[in-house]
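# Architecture and fold: a report
Read off the chains here:
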4 protein chains.
Amino acid sequence: MKEIRIGLVGAGWMGKAHTNAFLNALMLYGPQAGKPVFEVVADVNVEAAKTACEKLGFARWANNWQEVVTDSNVDVIDIATPNAFHYEVAKAALENGKHVYCEKPLTLSAEESKILAELAKQKGVVNYVGYNNVMNPANAYIKELVSSGKLGKIMRFSGTYDQDGLLDPTLPITWRHVNKHSGSGALGDLGSHLLSVSQFILGDISRVNALSKIVIPQRPVQAGSSELADVENDDLITILAEYKNGAVGTIGASRVATGRKNYLTFEIQGTEGSVCYSLERMNEVNVYFASDDSADRGFRTVFLGPDHKGYSAFYPASGIAIGYNDMKVLEVHELLAAISEGKPYACDFEFGWKIDEIVSAILKSASEQSWVDVQTLVEVK
Amino acid sequence: MKEIRIGLVGAGWMGKAHTNAFLNALMLYGPQAGKPVFEVVADVNVEAAKTACEKLGFARWANNWQEVVTDSNVDVIDIATPNAFHYEVAKAALENGKHVYCEKPLTLSAEESKILAELAKQKGVVNYVGYNNVMNPANAYIKELVSSGKLGKIMRFSGTYDQDGLLDPTLPITWRHVNKHSGSGALGDLGSHLLSVSQFILGDISRVNALSKIVIPQRPVQAGSSELADVENDDLITILAEYKNGAVGTIGASRVATGRKNYLTFEIQGTEGSVCYSLERMNEVNVYFASDDSADRGFRTVFLGPDHKGYSAFYPASGIAIGYNDMKVLEVHELLAAISEGKPYACDFEFGWKIDEIVSAILKSASEQSWVDVQTLVEVK
Amino acid sequence: MKEIRIGLVGAGWMGKAHTNAFLNALMLYGPQAGKPVFEVVADVNVEAAKTACEKLGFARWANNWQEVVTDSNVDVIDIATPNAFHYEVAKAALENGKHVYCEKPLTLSAEESKILAELAKQKGVVNYVGYNNVMNPANAYIKELVSSGKLGKIMRFSGTYDQDGLLDPTLPITWRHVNKHSGSGALGDLGSHLLSVSQFILGDISRVNALSKIVIPQRPVQAGSSELADVENDDLITILAEYKNGAVGTIGASRVATGRKNYLTFEIQGTEGSVCYSLERMNEVNVYFASDDSADRGFRTVFLGPDHKGYSAFYPASGIAIGYNDMKVLEVHELLAAISEGKPYACDFEFGWKIDEIVSAILKSASEQSWVDVQTLVEVK
Amino acid sequence: MKEIRIGLVGAGWMGKAHTNAFLNALMLYGPQAGKPVFEVVADVNVEAAKTACEKLGFARWANNWQEVVTDSNVDVIDIATPNAFHYEVAKAALENGKHVYCEKPLTLSAEESKILAELAKQKGVVNYVGYNNVMNPANAYIKELVSSGKLGKIMRFSGTYDQDGLLDPTLPITWRHVNKHSGSGALGDLGSHLLSVSQFILGDISRVNALSKIVIPQRPVQAGSSELADVENDDLITILAEYKNGAVGTIGASRVATGRKNYLTFEIQGTEGSVCYSLERMNEVNVYFASDDSADRGFRTVFLGPDHKGYSAFYPASGIAIGYNDMKVLEVHELLAAISEGKPYACDFEFGWKIDEIVSAILKSASEQSWVDVQTLVEVK
């Protein structure tokens, strides 16, 4: 059993979600898989820091992140700040030789992400980006279907991540609508999750061609206000992609997708089989095998179960529903196992950097109205 | 090529449906599978008879069925009258040595159906009851799944036939609500279709236990009238059943099933596999095989296609939707092939009699509030 | 904030599940809604008790439940033992004036449950049975649809709870197959959950008529053994029911339902609307309103969200999947709120007694092959 | 009642399908809506012409189309030849002042289609292209939802038409794989159907950006042959589109889409509602209205019924399945009504030309790897 001392930066909703996930991982896997110790929580909002400290069970609090990243009693820096702060906190943490667990996206630009990925490799610490959908047992299963060759040669990926949470034009402007805080709109917020799943399962995208739209060009500066501010980024984006392996992709994201609540959905067509998935029905994967007898052939509705990686931490039999938060539990378990036992993990900073390179190419394509190559990652030294 | 001369009794909606089905069967299968010739149509309503004669392309019309059943130019009597007339027309037709095609139900009582079944056997003519769902390629496929043993030993049948067409209490009373015209309510109208499918696929039911309800006890004698008449029979019925093979069944029917449009649905659970079906999605069968790898196991959505009996008359590839009327086309094709080529067929009068015996036992059970054995058919001589 | 000191009896899987639920409730709702304190855990298996004590964070352990129910430092006795021990532990706990939280079913007989319900009422303590499906936000929503009259007069309830976990005949006999340990088979294990939902939403059942089957009559005494022991109770049961309000029901349960994983499913048909639900897709409720425009009318797939009671503890927006365990979190939260704040709750011992009366009537009906009235509860004094 | 004398050019499968559709239209609508008279059928294959003449009930046959288009006893030329002959037959028919009913696509190039559209307008005859999906009552309903404003401002169209009929690489090369016969691959064969639905419902597309793939680059020249020929056109194509009204589209087509049988599917997202449809479940439309109460809001599964244009020709109540062929029946009925009563119709040659202009722009885009504007139709004089 190894204690892993956590320094949490950001005492808001995401910080709480991370902490709950750590506690559930401890309950489900036991301390021998790495025992989280809640050392210190920092927030510029002192009251938030104090409250989180007490409610979440941290030993102490701080009013600045600098104190946390240099604290010798802390093993891993957990970054749950607004996106725009990820870069500087992660960089300082790495420079201090800490393991780093950073909520997605890694940074707001491919350039910054590259710097972090290289620095992390150089430091030899665990460096983990919180693309939690990658941890979904459904996606582990689908990756296995692809990797094993059961679906044959992959021809096509079609997916979108749609929500309608920002459909109402009277909702006021937020940091999500302003590029210096968010980098992009639906693309970075939602689309990046779908890109992480695509990257995890199918590997690199080589080029992209995007069309983006701002559906609601202005929003009130505050609820009820008649003063309006400009929405700077995509409410809706659609993308053609070509994968390194020759497959074609259509990828979308919308935060104004009327009727869609948490619709991260995709279909992968291979020459021997196909698979479909939707996060709105997160416990079922639809898979088709061309080799089945033709009279009996059809998409199978497979419920997640103990055969699928990660699931058996929760339930002993198939079809008992896991929830969205359980992906985060699996994520922090993988993080703890990486730190305590040196186990491998998928979502390192290089992975985060790749996603940011794709996002960057998509934004450039939408702006230039042309195909744009995704920057090939220089081998991280 | 053999010409089969049809004498149609009943010039209403069902008579037209039969005639259209004959014409489509001719188009799809060609005349060598039996060429229908539209000889004579009879209806007590002279105008209806005349109109049908002209529109449907019959050679002549009559104002009484007696003339048709004795007509030496007629090979098969097609009975599309209201249910209460089935018995006497069919009996006379048989006595005149005609082939008989009778719309379901065969008669209003098991006793009358027995007489017809015995008479038909004695006469050696083709005797066909129009339980069209039996002809559905989906049910042919499901019967094959059961018969081949791919589902193992059958444990359970659960099904219902629900519609909400009579939900509105302001709809006036009709013959369907009066027992001397209809025999029963939702049971005979809808439930008998489900029973025909159950009988076709799983064989005999040995005993039943039913609970029935009249939800709307009175209806206007005419649309808009304030005068009310009593509804005499089941709006809704639920039935426990035990099959001869030991399986248990739950069977239902409702004509007031809010939200259900044409919901003939059932699930069959066997020890090696299960199958589900709904007529609202008539082109897809859901089937599960316990022998599939556990990681990849789930109900398969199988679209009907050329592998399923009957389908290829319509389309050369899977997943092209057949419609409800196409079941009737398959039915009359089977009738024509039986007459012209002596081919076997499932829904003979003995089959219709069996359904009526089950219906009779169900009505007795609902009345006596106890289990009632289904009368075993005496071997038809 | 009130501390609620827990004495857990039973250190197995269910005891762990309860404890995890308490911790999650604390994380989600905070200590002001009742702070669970893990005082003592008891198990006859000393090693299990010790391990649970350490892993689950209890202050101390005991090797017998008697010590726990008399411990003055304990506020609530949490009973997570095998079913056959519920009665004596709960009785002793009540006699010692403790609040009692008992896993379902309350006892193995209606008679014992009656004694507990009466004793609990007399003692004035919180008495809670763990029918966790009642806490599902989906069922809270459906109850509201029924209670508000939006579905009109309820005509029909059709449901089943099917799993196939015991389909394999080589799986050895367990306590679930032996009546003195379990009371019944699929009925008590699975069917009782469906009955709890039915009771919660539609109220009392007045009479029942059941047909039960043992599909696999003998099982190995141990894995791999050729020695066989008799299965004593229902693998599969189907039930007709009549509700006090006149509605009819068909209720089923199977532990050998090939292809079904966690298929607690039901449909409620009312004269103004209908609703369908399946626990395999626990985040969506299908509801139909007859009052919708006829051209646009159909079952709506409603994803659970903040409008549905309980959901917003987990997520701020609709369609983010809750999981099975989350029902248990909601349950212990309701328990803590009942103890700390005197808030009302649905699943008291009288509720548990009612379910056991229905189960008892069903077993009698299956044995006597006739309709059996459900015992009306004498007003608990 | 007006007799409409048909001259059929092409005695193959499609010619038979057209003729069956005419006969069914006559049965369903009666002769007063235009009575088809089967005057002459022509095919270069004399035997095929003779057989069709006899089986389909034509008065006489011919071995060349020139004889048909000049026949004074013919009112409408029905073109059911291979695609490459559409242009010359239609042109000659128009020049002889005939009404023309041409199977889709209109021609193999936008240029030829333009000539036909202009000539048809000049001649003032009925000119009809057989994009049968436009006649689907589901699409009529969806068009009405869009046109009425019930879905608000349309933001997005996402759809694909996928089949897997050509997945097997051992299937030999056909005319479909050779551009001089087919113009394009999956795009023209399948995608054009989806484009016709998009055009019908949402109107003009202004520009496109496409990525196409040949998945199986060579096929046997004959079944079983080891000699291979090149596949010249798209097995799979994906397209970004921008509509004149500002909406964005993603449109796809594949003839190698493993697991998909007849999957013409699309989703339209508007600011007030959304709608989804799949031809594999052709009788149900999913529609969401943002204005529904938030607690009860979800996609509604609406079964086609008498409220939806065209349906009531087949059935008097909702949810009774129509089939694929029924779309063709509705199509020829619209054609007959246009000829006999001068009624308006959607799919004229100008409509067919528009589809061909979009196809042309897509092919150019795929070749040039850039956005391409769809040619704006010059006002047809």
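For clarity, every value in this text was computed on a predicted model and none was experimentally measured.

Moving on: the relation of the copies chain A and chain D. Under the fitted operation, chain A is carried onto chain D by 0.0 Å of movement along the axis and a turn of 180 degrees, and the coordinates agree to an RMSD of 0.0 Å. The superposition of one copy onto the other is thereby described by a two-fold rotation axis. Taking C-alpha positions as reference, the residue of chain A nearest the rotation axis is Ser-370 of chain A, located at 3.1 Å. Same-surface contact between copies: 100% of interface residues of chain A are shared with the interface of chain D.

In this section: the domain arrangement of chain A. Residues and elements named next belong to chain A. By the assigned domains, chain A splits into domain 1 (3-133) and domain 2 (137-281 + 283-317 + 354-367). Taking the mean C-alpha position of each, domain 1 and domain 2 sit 26 Å from one another. Contacts between the two partners involve 15 residues from domain 1, matched on the other side by 22 residues from domain 2. For the pair domain 1 and domain 2, the summed buried surface comes to about 1300 Å²; carbon and sulfur atoms form 54% of the total. Our count for the contact surface shared by domain 1 and domain 2 stands at 0 salt bridges. Summed over the shared surface of domain 1 and domain 2, the number is 6 residue pairs in polar contact (both at pLDDT 80 or more). Of all the elements in the fold, those that place two or more residues in the side of domain 1 that touches domain 2 are helix H1 (13-29) and helix H5 (110-123). In terms of residue class, the side of domain 1 that touches domain 2 is made up of 8 nonpolar, 6 polar and 1 charged.

In the numbering adopted here, UniProt assigns the feature "domain: GFO/IDH/MocA-like oxidoreductase" (unreviewed entry) to residues 141-275 of chain A. The span residues 141-275 of chain A is 21% helix and 37% strand, and its two end C-alpha atoms sit 10 Å from each other.

On to the interface of chain B and chain D. Each partner contributes to the interface: chain B provides 25 residues, whereas chain D provides 25 residues. When chain B packs against chain D, close to 2400 Å² is buried across both sides, 57% of that on carbon and sulfur atoms. For the pair chain B and chain D, the number of links is 2 salt bridges. Salt-bridge contacts for Glu-284 of chain B lead to Arg-281 of chain D; the nearest nitrogen and oxygen are separated by 2.7 Å. Here chain B is connected to chain D by 9 residue pairs in polar contact (both at pLDDT 80 or more). Where the side of chain B that touches chain D is concerned, the elements lending two or more residues are helix H1 (13-29) and helix H9 (324-341) of chain B. Here the side of chain B that touches chain D takes 7 residues from H1 of chain B, the largest share from any one element. Grouping the amino acids of the side of chain B that touches chain D by side-chain chemistry returns 13 nonpolar, 7 polar and 5 charged.

What follows concerns the sheet that holds strand E2 (residues 35-42) of chain B. Pairing between sheet strands relies on hydrogen bonds along the backbone, with the strands arranged either parallel or antiparallel. Residues and elements named next belong to chain B. Taking strand neighbours across the sheet as the criterion, the 6 strands line up as E3-E2-E1-E4-E5-E6 in an open arrangement whose pairing is parallel. The open sheet has two free edges, formed respectively by strand E3 (60-62) and strand E6 (127-130), since each of these has just one partner strand. Neighbour to neighbour, the strand axes of the sheet diverge by 25 degrees on average, direction disregarded. Bridge count between strand E1 (residues 3-9) and strand E4 (residues 76-79): 4 bridges; the pairing is parallel. Across the sheet, residue Gly-7 finds its bridge partner in E4, namely Ile-77. Running at roughly 165 degrees to E2, H1 makes contact with E1, E2, E4 and strand E5 (99-103) of the sheet.

A separate point is the UniProt feature "domain: Gfo/Idh/MocA-like oxidoreductase N-terminal" (unreviewed entry) in chain A. UniProt tags residues 4-131 of chain A as "domain: Gfo/Idh/MocA-like oxidoreductase N-terminal" (unreviewed entry). The distance separating the terminal C-alpha atoms of residues 4-131 of chain A is 21 Å; by composition the span is 45% helix and 23% strand.

Before going further, it helps to examine the environment of Ile-355 of chain B. In this fold, Ile-355 of chain B is placed in helix H10 (residues 349-368). Excluding its chain neighbours within four sequence positions, the residues that come into contact with Ile-355 of chain B are Tyr-131, Ser-192, Leu-195, Ser-196 and Gln-199 of chain B.

Moving on, we come to the interface of chain A and chain D. If you look at the interface, chain A gives 46 residues, while chain D gives 46 residues. Overall, the association of chain A and chain D removes approximately 3200 Å² of surface from exposure, summing both partners, and the carbon and sulfur fraction of that is 57%. Where chain A meets chain D, there are 6 salt bridges. With a closest N to O distance of 2.5 Å, Lys-213 of chain D and Glu-242 of chain A form a salt bridge. Broken down by secondary-structure element, the contributors of at least two residues to the side of chain A that touches chain D are strand E7 (154-162), strand E8 (205-213), strand E11 (236-243), strand E12 (248-254), strand E13 (263-270) and strand E14 (273-278) of chain A. Considering only residue class, the side of chain A that touches chain D consists of 20 nonpolar, 15 polar and 11 charged.

Attention shifts here to the relation of the copies chain B and chain D. Once turned by 180 degrees and shifted 0.0 Å along the axis, chain B lies on chain D with an RMSD of 0.0 Å. Taken together, the interface assignments show that 100% of the residues at the interface of chain B recur at the interface of chain D, consistent with an identical surface on both copies.

Describing an aromatic ring pair means giving the distance of the ring centres and the angle of the ring planes. A full pass over the atoms with the stated rule returns 51 aromatic pairs over all chains. Between Phe-266 of chain B and Tyr-277 of chain B, the aromatic rings sit 6.0 Å apart at their centres with planes inclined by 55 degrees, giving tilted as the arrangement. Taken together, the residues Phe-266 of chain B in strand E13 (residues 263-270) and Tyr-277 of chain B in strand E14 (residues 273-278) connect sequence positions 11 residues apart. Each member of the pair, Phe-266 of chain B as well as Tyr-277 of chain B, is classed as buried. Taking the centre distance of 6.0 Å and the plane angle of 80 degrees together, the rings of Tyr-101 of chain C and Tyr-128 of chain C count as edge-to-face. Taken together, the positions of Tyr-101 of chain C in strand E5 (residues 99-103) and Tyr-128 of chain C in strand E6 (residues 127-130) put the pair 27 residues apart, joining distant regions of the chain. Assessed through its relative accessible area of 1%, Tyr-128 of chain C is described here as buried. Between Arg-207 of chain A and the ring centre of Trp-371 of chain A, over which it is positioned, the NZ or CZ distance is 4.1 Å. The ring of Tyr-263 of chain A has Arg-260 of chain A sitting right over it, with the charged end atom 3.8 Å from the ring centre.

Another aspect to go through is the pattern of salt bridges. Counted under the stated rule, the structure contains 88 salt bridges over all chains. A salt bridge links Asp-71 of chain B to Arg-60 of chain B, with the nearest nitrogen and oxygen atoms 2.0 Å apart. Taken as a pair, Asp-71 of chain B in the loop between helix H3 (65-69) and E4 and Arg-60 of chain B in strand E3 lie far apart in primary sequence, 11 residues in all. Overall, the relative accessible area of 13% leaves Asp-71 of chain B in the buried class. Judged by its relative accessible area of 28%, Arg-60 of chain B is partly exposed. One salt bridge in this structure joins Glu-39 of chain D and Arg-60 of chain D, with 3.1 Å as the shortest N-O distance. A residue pair is termed long-range when its members are at least 10 positions apart, and Glu-39 of chain D in strand E2 (residues 35-42) and Arg-60 of chain D in strand E3 (residues 60-62) qualify at 21 residues.

Thresholds applied
All residue numbers here refer to positions counted from 1 along the written sequence of the relevant chain. Labels are handed out in written order, letters beginning with A for the chains and numbers beginning with 1 for the ligands. Whole-chain, interface and lining totals are the exception, using all residues; otherwise, since this is a predicted model, local features are given only for residues with pLDDT of at least 70 and side-chain atom pairs are given and counted only at 80 or more. Just so you know, side-chain values use all the structure's heavy atoms and leave hydrogens and water out. For this overlay, a least-squares fit was computed on C-alpha atoms, restricted to residues scoring pLDDT of at least 70 in both copies. In this analysis, two residues are considered to be in contact whenever any of their non-hydrogen atoms come within 4.5 Å of each other. How far each domain reaches was decided by an automatic or database domain assignment. In this description, buried area is defined as the sum, over both parts, of the accessible area (probe of 1.4 Å) that is lost when the two are combined. Definition used for salt bridges: Asp or Glu carboxyl oxygen within 4 Å of a side-chain nitrogen of Lys or Arg. Whenever two N or O atoms come within 3.5 Å, that pair is a polar contact, provided that in protein one can donate a hydrogen and the other can accept it, and provided that, for residues adjacent in sequence, both atoms are side-chain atoms. Runs of H or I in DSSP of at least four residues are treated as helices and runs of E of at least two as strands, each being numbered from the N terminus. Gly is put with the polar residues, along with every residue not named as nonpolar or charged; the nonpolar set is Ala, Val, Leu, Ile, Met, Phe, Trp, Tyr, Cys and Pro, and the charged set is Asp, Glu, Lys and Arg. UniProt positions are given in the numbering used here, feature names are shortened, and annotations may be inferred rather than shown by experiment. A pair of strands is labelled paired if DSSP reports no fewer than 2 bridges between them. A fitted line through C-alpha atoms serves as each axis, taken over the contacting stretch for helices, and the angle formed by two N-to-C directions is quoted from 0 to 180°. Two aromatic rings, drawn from Phe, Tyr or Trp (for Trp, its six-membered ring), form a pair once their centres lie within 6.5 Å of each other, and the interplanar angle then sorts them: stacked below 30 degrees, edge-to-face above 60, tilted otherwise. Relative accessibility thresholds used throughout: buried, under 20% of the residue-type maximum; exposed, over 50%; partly exposed, between the two (1.4 Å probe, protein chains only). Put simply, a charge is over a ring when the Lys NZ or the Arg CZ is close to the ring centre, within 6 Å, and near the line of the ring normal, within 35 degrees.

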